Amino acid sequence: MAKYLVTLTLLLSQLFLQAQAVPDKIVAALDTFSFIEPQEKVYIQTDRNSYLAGEAIWLKAYCIFNEKPTILSKIVYVELVNEDGKLVEKRMLKLVDGSANGVIDTKSIHASGNYTLRAYTLWMLNFPDFIFERKIAIINSLTPKGSVKKNVELQEISFTIFPEGGNLISTIKNNIAFKTIDQNSNPIDVSGYVLNAKNEKIVSFSTVNDGMGKFEFIPAEAEIYKAVITTKNGKQKTVTLPKAYSEGALLSVDNSNINKTFVSVSRSENNKAAYNNLILVAQINYQIAYIGKINIDEGLDALAINKKNLPAGIMQICLLTEDGKPLAERLVFVANHKLSKDLIKGNNINFEKRAKNTLEVDVNEFKNLSAAISITNGNSSTLSDNSILSTFLLSSDIKGRIHNPTQYFVDKEQKTLDNLDLIMLSNGWRRFKLENILANKFSLLDYPFETGLTVSGKVLESNGRSFLKAGKINLIINGEDSTKIISQANTNNSSGFIIDKIDFKKEATIFYQGTNLNNKEAIVSVLFNPSFFDTLARPALRANKPLVSTDTLASSNYYDQIILDKQKAENAKGKTLDNIILTSKKKSSVDSLNTLYATDIFYESDQTIPVNTLINTGDILQFLRGIVPGISIIRSDTGTQVNFTRYQGADYFSENGATGVQFFLNEVPVSIDVIESLFAEDIGLVKVYKGNTAIAIGADRGAIGLYTVKGKSTRDWRKKGFDFIKKLGYAVDREFSEIDYAKINPNNEFADVRTTIYWNPSITIKDGKALLAFYNDDVCKKFKVVLEGVDADGKLLHVEKELN
């Protein structure tokens, strides 16, 4: 008997360990995934959403990692892209404690239209579906009415169904969500019904919110079903539904309770034994929220997940077989976010012209809060399509486009939460598939974390290809912002070097000198790695792809209002100067290149030859033979001799001259050895000197001046042997131009018409409160206040309030 009990105990222990192996593997897989592919999220807060061409977009960037201000990336990129997908402005901002302040000046040449602000860290380019996008409208008052793009007539309807859990299963009740959009991905309201193969109506349905809805029905095995949908304007479309599986298991989730999520599991009768012993796992932010066993035969087919202490955001519920194969998947939203509506109090609100106003903001519950506040004219402000809550808790975790995600965070009414659940049902899963990470299948990562501005590259032999065993580089960085940095670095075994912790704004000239430590007199070649920002000539993501068209620009009365306000300002009293007509002679391309490259003594030459920068000839002397007339190049064991032949009356030039042609590289005399070490594609301009022009620069046998391409490998030998390159730095921030009538006579006759009344991206907090003062303009009768931020613990703040 005892032996039997021992055997039974061992058997049960083995079964228990086997059952535990899959949950443990899931926990380990989530840990590995969050370590290998950690997620950063970016959000951009702006002072408003619509601008006149020429106005400034004031912004604040927030970046979080593991739901707290990021400690990884130190750079965030911001792009302004037009409707055609063309990049029109770009900025690189420095992240400090996970946030950055910035400004983008729109230009008077920007056409009226819907634009998009995109923002991301370099690391986020590994996962381009999750970069941040914000719609921005720009109005150009010079754009004639009617020239603004309008939405084209509805032509395409996309109707997609999303069975709860992932698949249709025959013979059991299926809960099915659907989503209907047009060719521009805008939602369409429809009604419809499902037909079986006999054209009998099985179930009717209609949209509930933004083209989404749901219905239930029990599909028969091997039956073909069609959905017939009709738009409000009578356009009809028929869609064949996917075929139902003959066997499987379904998840059914009720997330309407604020404290608990109720989950039930059902299965088909076909091969039901294979779907009896199952595992259910729920995770949020890659942390396990629930693991439990399902045994349908024993009645263990329903359970409740406690949400009370979970963080706000998307929770993934996954049903698996005993050996870890996913069967069904469902997203739910844990609405544990806080809506902070009462944190802003107007201590003294006065809508008289140029009157002083004060606000008090109570942020005592936040720790080391980083926040920005905007106050705009409430009569001419448009609703934002996203917020810090909708971005960090929703949009940044779902691949599918969400129309107006802000609407799901205005309150916690049941209708709002039900509509949010439709988003969970109809957008598919987000960053990974559980079966992939369980099999250790991860994304290919092309971009690293950027911890700041760096200069990197290789110090090579003079041929530009062979590694140096011991190399060194010295740098002098002169920034336009008066930054001066002197640094140096030795190369590694691969001839590479990196210099980090560089900090400058706008642009810097970097003077550099490479050295061979084993032979300090030897000529070396320095190759720099281009940085992402230096080479960003167009949007890094979805380049040249037209943006999703919306009716924002066409339908809003806001634009007429701000144009009217602008005209009021322009009609204010003032003095207008008479027209002044300036005339000038346009420079030729050769004259322009001469001005760009040559100084006074080298300016006059017999020939100035612009060079095609796309030249592919590697041999520099062969390159010169092809573009410089009358040149003779003789190569021998004793070296290379370059001379001019007799031509154009220059009788005293001889091929047999002892000295030959004198070469100048960026106006510094160099030997033929230096010239032969250059690459032809680096040359931007060639100047030929003969006769008097050659004598003037001390070359009685003639001279050739070579100038390297500006901004590429421009060598200025006048800088004590240092080459130099140009490198872009962080964008320059500036303070918002606030009007303070305590310092300006409020009786001045200029017209004060401001759409943004107040913008502060770095509010000062003392004893848990911030006191803000601002002056009204001449027309505003209602203030719209938006306050957003994130604290050191990742707690999100969003307040949107109207004062009138």
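Residues numbered from 1 in each chain as written. Predicted model: local features only at pLDDT ≥ 70, side-chain atom pairs only at ≥ 80, totals over all residues. Heavy atoms only, no water.

Caption draft 1: Structural context of the overall build of the chain. When its secondary structure is counted, the chain shows 11 helices and 44 strands. Taken across its 804 residues, the chain has 50% of its residues classed as buried. Looking at the chain alone, contacts between residues at least 24 apart form 69% of all its contacts between residues at least 6 apart. In the structure as shown, the chain presents an accessible area of about 39600 Å², 49% of it carried by carbon and sulfur atoms. (Helix = DSSP H or I, 4+ residues; strand = E, 2+ residues; numbered from the N terminus. Buried < 20%, exposed > 50% of the residue type's maximum accessible area, 1.4 Å probe, protein only. Contact = heavy atoms within 4.5 Å. Areas by Shrake-Rupley, 256 points an atom, 1.4 Å probe, with all protein chains shown as cover.)

Caption draft 2: A look at helix 3 (residues 414-425). Over its 12 residues, helix 3 extends 16 Å from the first C-alpha to the last, a length consistent with the 16 Å expected when each residue adds 1.5 Å. Listing the buried residues of helix 3 in full gives Thr416, Asn419, Leu420, Asp421, Leu422, Ile423, Met424 and Leu425. Along its buried surface, helix 3 packs onto strand 10 (157-163), strand 11 (174-182), strand 14 (212-217), strand 22 (313-321) and strand 23 (326-334). (Expected span 1.5 Å × (residues − 1).)

Caption draft 3: Looking closely at the packing of aromatic side chains. Going through the model one piece at a time under the given rule, you end up with 29 aromatic pairs. Their ring planes at 55° and their centres at 4.9 Å tell us that Phe178 and Phe205 sit as a pair that is tilted. Here Phe178 is found in strand 11, whereas its partner Phe205 is found in strand 13 (residues 201-206), with 27 residues between them in sequence. Here the two residues Phe178 and Phe205 agree in accessibility, since each one is buried. Among the aromatic residues, ring-to-ring pairing joins Phe159, Phe178, Phe205, Phe215, Phe217 and Tyr225 into one connected group. (Phe/Tyr/Trp six-rings, centres within 6.5 Å; stacked < 30°, edge-to-face > 60°.)

Caption draft 4: A look at the side chain of Thr416. Relative to the elements of secondary structure, Thr416 occurs in helix 3. Accessibility expressed as a relative area gives 11% for Thr416, which makes it buried.

Caption draft 5: Fine view of the pattern of salt bridges. Considering all chains together, one arrives at 23 salt bridges under this definition. Notably, a salt bridge pairs Asp421 with Arg330, separated by 3.1 Å at the nearest N-O pair. A residue pair is termed long-range when its members are at least 10 positions apart, and Asp421 in helix 3 and Arg330 in strand 23 qualify at 91 residues. Both residues of the pair, Asp421 and Arg330, belong to the buried class. Residue Glu360 is joined to Lys769 by a salt bridge in which the shortest nitrogen-to-oxygen separation is 3.7 Å. Of this pair, Glu360 sits in strand 25 (residues 356-362) while Lys769 sits in strand 42 (residues 769-775), and the two are 409 residues apart along the sequence. Under the relative-accessibility criterion, Lys769 is labelled partly exposed at 37%. (Salt bridge = Lys/Arg side-chain N within 4 Å of Asp/Glu carboxyl O.)

Caption draft 6: Molecular detail of the sheet that holds strand 41 (residues 756-760). Spatially, 41-26-43-44 is the arrangement adopted by the 4 strands of the open sheet, whose pairing is antiparallel. Only two strands of the sheet have a single neighbouring strand rather than two, namely strand 41 and strand 44 (796-803). Taking each pair of neighbouring strands and ignoring which way they run, the sheet shows an average axis angle of 10°. Note: strand 26 (residues 370-377) against strand 43 (residues 783-790), 8 bridges, orientation antiparallel. Across the sheet, the residue bridging to Asn377 is Phe783, located in strand 43. (Pairing = 2+ DSSP bridges. Axes fitted to C-alpha atoms, helices over the stretch in contact; angles between N-to-C directions.)

Caption draft 7: How the structure looks around the environment of Lys726. Checked against the element boundaries, Lys726 lands in strand 40 (residues 723-728). Residue classification places Lys726 among the partly exposed residues on the basis of a relative accessible area of 38%. For Lys726 and Ala508, which are 218 residues apart along the polypeptide, the C-alpha to C-alpha distance reads 5.8 Å. Excluding residues that lie within four positions of it along the chain, Lys726 makes contacts with Glu507, Ala508 and Thr509. Among the polar contacts listed, one links the side chain of Lys726 to the side chain of Thr509, at a separation of 2.6 Å. (Polar contact = N/O pair within 3.5 Å; in protein donor to acceptor, adjacent residues only side chain to side chain.)

Caption draft 8: How the structure looks around unusual backbone geometry. We note that Asn404 has phi near 50°; this positive angle belongs to a residue other than glycine. Mapping Asn404 onto the fold places it in the loop between helix 2 (388-393) and helix 3. According to the relative accessible area criterion, Asn404 is partly exposed, its value standing at 21%. A positive phi angle is found at Asp767, which is not glycine, with a value near 55°. Mapped onto the secondary structure, Asp767 falls in the loop between strand 41 and strand 42.

So yeah, pure geometry; function would need other evidence.
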